[in-house]
Amino acid sequence: MSPHNPFDDPKLVTELAHAFESVWLVMRAHEPLLDADRAKELSIEISRKLVELAADGVTDQAQLRRLTLESLPLPGTIARSA
């Protein structure tokens, strides 16, 4: 029997899509003059983080959004010290 692929779940795919859109809006608000190259880079970075989180079992849209935003530096803000 093959292992279960969590990305076969339409509910998870929907949660990921909504989380991506939510994160994207926040990032665009902080970086309104985004050029095409930076937009592509940022899109890939957000997508990778969301997939990583989902693979680790995070499936709640709010958690996906929060954890993804915490992993990305917001332009124009000072990075938090650990």
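Cut-offs applied
Residues numbered from 1 in each chain as written. Predicted model: local features only at pLDDT ≥ 70, side-chain atom pairs only at ≥ 80, totals over all residues. Heavy atoms only, no water. Salt bridge = Lys/Arg side-chain N within 4 Å of Asp/Glu carboxyl O. Helix = DSSP H or I, 4+ residues; strand = E, 2+ residues; numbered from the N terminus. Buried < 20%, exposed > 50% of the residue type's maximum accessible area, 1.4 Å probe, protein only. Expected span 1.5 Å × (residues − 1). Arc of directions from axis to C-beta. Core = buried A, V, L, I, M, F, W, Y, C linked by side-chain atoms within 4.5 Å. Contact = heavy atoms within 4.5 Å.

A. Examining the pattern of salt bridges more closely. Tallied over the full model, the rule gives four salt bridges. Arginine 38 is paired through a salt bridge with glutamate 41; the nearest N and O atoms lie 2.7 Å apart. Of this pair, arginine 38 and glutamate 41 both sit in helix α2 (residues 36-55), three residues apart, which is roughly one turn of that helix. For glutamate 41, a relative accessible area of 46% puts it in the partly exposed group. Its salt-bridge partner being glutamate 70, residue arginine 66 comes within 3.2 Å of it at the nearest N-O pair. Taken together, the residues arginine 66 and glutamate 70, both in helix α3 (residues 61-71) and four residues apart, mark about one turn of the helix. Salt bridges sharing common partners tie together Glu31, Arg38 and Glu41.

B. α2, seen in detail. Between its first and last C-alpha, α2 extends 28 Å over 20 residues, near the 28 Å set by a 1.5 Å rise per residue. Among the residues of α2, Ala39, Leu42, Ile46, Lys49, Leu50, Leu53 and Ala54 are the ones counted as buried. In an axial view of α2, the angular spread of the buried residues amounts to 135°, which keeps them on one side of the axis. Opposite its buried face, α2 presents the exposed residues Ala36, Asp37, Lys40, Arg48 and Ala55, each directed more than 90 degrees away. Taken from the residues just after α2, glycine 57 is the one with a positive phi, measuring 100°.

C. Local environment of the nonpolar core. Formed by 19 residues in total, the largest nonpolar core has its most connected members in Trp24, Met27, Ile46, Leu50 and Leu64. Among the secondary structure elements, those contributing two or more residues to this core are α1 (10-30), α2 and α3. Counting residues per element, this core draws most heavily on α1, at eight residues. Look past the residues within four positions of tryptophan 24 in its chain and what remains in contact with it is Leu34, Ala39, Leu42, Ser43 and Ile46.

D. Focus on the environment of alanine 54. Relative to the assigned elements, alanine 54 resides in helix α2. The class of alanine 54 is buried, set by a relative accessible area of 3%. Separated by 38 residues in sequence, alanine 54 and leucine 16 have C-alpha atoms that sit 8.1 Å apart. Ignoring any residue separated from it by four or fewer positions in sequence, one finds alanine 54 in contact with Phe7, Leu12, Leu16 and Leu64.

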